[in-house]
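# A closer look at the structure
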Amino acid sequence: MISVIVPVYNVENYVLACLKCIAKQSFSDFELLIVDDGSSDKSVEVCRHFLETSALNYHIYEKENGGQSSSRNFGLNRAKGDYVVFVDADDVIADDFLLNLHDYLKEDMDFCFCDFQYVKAQDPPIDQSTDFSVLKRDGLVDGFLKRSFPIAVVTMLFHKDFLLNNNLYFREDIRFSEDQLFIWECIFKANKAGYLKKKMYGYNLREESIMTGSPY
């Protein structure tokens, strides 16, 4: 089973599109963990209204505001799946996002990741590519340094034991670029990873998003 961890913070206008993408996944063996980080808007109400009428296996947690890293760590510590993926609540994923990452992630790999694209209207990406590479640690380091391929936390499916056994958590005292530090730590602990050159994750471009300077 895959644990899909979605931190939520003041995204009432965006989270529904994200949830609809998750509900449409062609891979069904997953649990959805919504971690509300002290939202002051109706984000939680939107989540509950949609999920209560869905067939998804879900859990909604509410906590005091501590930042995205805190929410991701909170979800990781409660995940019951053998695999873990982090999805941002204002983004979208392709219908085969979970299926492809799961199928390409073999037992001798620590994680598998795919490409992403930027979207403006929360339209899920569509890409038929099946170009796949297996990368050892040196290849991951070289590729990440040279930007030969994109690695983003939200496009990575992990073996949960890889994260827990190596104490790989997000630094909660860092509010910006904490993803980069986490990725580097994962790379230096990894023996092997898979890269599917297929755009299956859509970063939603919005002015108030984390990527464009939000304090969250």
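The following refers to the structure shown. Note that the coordinates shown come from a computational prediction; the quantities given were computed from them, not determined experimentally.

## Details of the packing of helix H1 (residues 15-23) against helix H2 (residues 43-51)
Their axes nearest at 10 Å, the elements H1 and H2 cross at an angle of 30°. By the angle class used here, H1 and H2 are roughly parallel. Two packed elements cross with a definite hand, and for H1 against H2 that hand is right-handed. Contacts between H1 and H2 pair Val 15, Leu 16, Leu 19, Lys 20 and Ala 23 from the former with Ser 43, Val 46, Cys 47 and Phe 50 from the latter. Grouping the amino acids of the contact of H1 with H2 by side-chain chemistry returns seven nonpolar, one polar and one charged.

## Considerations on helix H5 (residues 137-146)
Restricting attention to buried positions, one finds in H5 the residues Leu 140, Val 141, Gly 143 and Phe 144. Buried residues in H5 make contact with strand S6 (111-119), strand S7 (132-136), helix H7 (178-189) and strand S9 (192-204). Positive backbone phi, approximately 55°, marks Arg 147, located one or two places after H5.

## What about the pairing of strand S2 (residues 30-37)?
With respect to burial, S2 is a largely interior element, eight of its eight residues being buried. Residues Phe 30, Leu 32, Ile 34 and Asp 36 point to one face of S2 and Glu 31, Leu 33, Val 35 and Asp 37 to the other, with burial holding for every one of them. Here strand S1 (residues 2-8) pairs with S2 via seven bridges, running parallel. Each residue of the ladder has a partner; that of Pro 7, found in S2, is Val 35. Assessed by its sense of winding, the connection that carries the chain from S1 through H1 to S2 is right-handed. Here S2 runs beside strand S3 (residues 58-63); their pairing, made up of six bridges, is parallel. Bridging across to S3, Ile 34 finds its partner in Ile 60. Considered for its hand, the β-α-β crossover made up of S2, H2 and S3 is right-handed.

## Concerning the layout of surface pockets
In this model, the second largest pocket occupies a volume close to 160 Å³. Looking at the lining of the second largest pocket, its residues break down into four nonpolar, one polar and six charged.

## Quick notes on the pairing of S9
Burial runs high along S9: 10 of the 13 residues are buried. Across two bridges, the pairing between strand S5 (residues 92-93) and S9 is antiparallel. For Ile 93, the partnering residue across the bridge sits in S9 and is Tyr 201. Both S6 and S9 contribute to a ladder of nine bridges, which runs parallel. Paired with Cys 112 across the two strands is Gly 194, which belongs to S9. Bridging between S7 and S9 involves five bridges; their strand directions are antiparallel.

The rules we used
- Residues numbered from 1 in each chain as written.
- Predicted model: local features only at pLDDT ≥ 70, side-chain atom pairs only at ≥ 80, totals over all residues.
- Heavy atoms only, no water.
- Axes fitted to C-alpha atoms, helices over the stretch in contact; angles between N-to-C directions.
- Helix = DSSP H or I, 4+ residues; strand = E, 2+ residues; numbered from the N terminus.
- Parallel < 35°, antiparallel > 145°, perpendicular 65-115°, else oblique.
- Left-handed = near helix turned anticlockwise from the far one by under 90°.
- Contact = heavy atoms within 4.5 Å.
- Nonpolar A, V, L, I, M, F, W, Y, C, P; charged D, E, K, R; others polar.
- Buried < 20%, exposed > 50% of the residue type's maximum accessible area, 1.4 Å probe, protein only.
- Pairing = 2+ DSSP bridges.
- Right-handed = clockwise from strand over helix to strand, strands pointing away.
- 1 Å grid on protein atoms, 1.4 Å probe; cavity = no way out; pocket = protein on both sides within 12 Å on 5 of 7 lines; lining within 4 Å.
- Points joined across faces, edges and corners; volume = space filled by probe spheres on them.

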